[in-house]
Amino acid sequence: MPISLPIRRTILAAGVMLTAMLVLWWSLWLMASAQYRAFVDDWVAARRADGYRINYDIHGTSGFPRRVILHFTNLAWQSPDAITIRADEMTISAVPWRWRDFENGSGENTRIS
């Protein structure tokens, strides 16, 4: 038995709304990830102004849909007191609406000297 026209319209409308919501959330997530990257870049610039030597490569951004995760490689961090931290890889993640509450993780090859 074929599906009636009102039911088809309801299913189509629900599909269009779901698609629109996903596109909207994806767009908001992209904006949030750019803001988080800018937040981290500003923080690093402030630490460099304090005398820290910080170098890293950005490997990418992930975490959609719930988190923003920045992936760093070749991280080298030296304090003004010459304490050095090196990591082959490191991640920093946060929920888009709470930038100051973040989690970090480093790979197995992290050295402090």
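Residues numbered from 1 in each chain as written. Predicted model: local features only at pLDDT ≥ 70, side-chain atom pairs only at ≥ 80, totals over all residues. Heavy atoms only, no water.

(A) Structural detail: the pairing of strand S2 (residues 68-78). Pairing of strand S1 (residues 53-62) with S2 involves eight bridges; the strand directions are antiparallel. Looking at the pairing, aspartate 57 lines up with threonine 73 of S2. Joining the antiparallel neighbours S1 and S2 is a turn of five residues, in which glycine 63 adopts a positive phi near 110 degrees. Both S2 and strand S3 (residues 84-94) contribute to a ladder of ten bridges, which runs antiparallel. In the sheet register, alanine 76 faces S3, and the bridge partner there is arginine 86. Linkage of S2 to S3, two consecutive antiparallel strands, is achieved through a turn of five residues, within which alanine 82 is found at a positive phi near 70 degrees. (Pairing = 2+ DSSP bridges. Helix = DSSP H or I, 4+ residues; strand = E, 2+ residues; numbered from the N terminus.)

(B) Spatial organisation of the nonpolar core. Residues Trp29, Tyr36, Val40, Val44, Ile54, Val68, Leu70, Phe72, Ile92 and Ala94 constitute the largest nonpolar core, which totals ten residues. For this core, the secondary-structure elements that each account for two or more residues are helix H1 (5-49), S2 and S3. With four residues, the top contributor of residues to this core is H1. (Core = buried A, V, L, I, M, F, W, Y, C linked by side-chain atoms within 4.5 Å. Buried < 20%, exposed > 50% of the residue type's maximum accessible area, 1.4 Å probe, protein only.)

(C) Seen up close, the pattern of salt bridges. Taken as a whole and assessed by the stated rule, the structure comprises two salt bridges. Across the pair arginine 37 and aspartate 41 runs a salt bridge, and its minimum N-O distance is 3.2 Å. Here the residue arginine 37 and the residue aspartate 41 both occupy positions in helix H1, the gap between them amounting to four residues, near one helical turn. Judged by its relative accessible area of 30%, arginine 37 falls in the partly exposed class. The salt bridge partner of aspartate 50 is arginine 47, with a shortest N-O separation of 3.5 Å. On the accessibility criterion, aspartate 50 (49% relative accessible area) is partly exposed. (Salt bridge = Lys/Arg side-chain N within 4 Å of Asp/Glu carboxyl O.)

(D) Highlighting the side chain of serine 33. Tracing the backbone shows serine 33 in helix H1. Setting aside residues no more than four positions away along its own chain, serine 33 makes contact with Thr61 and Val68. (Contact = heavy atoms within 4.5 Å.)

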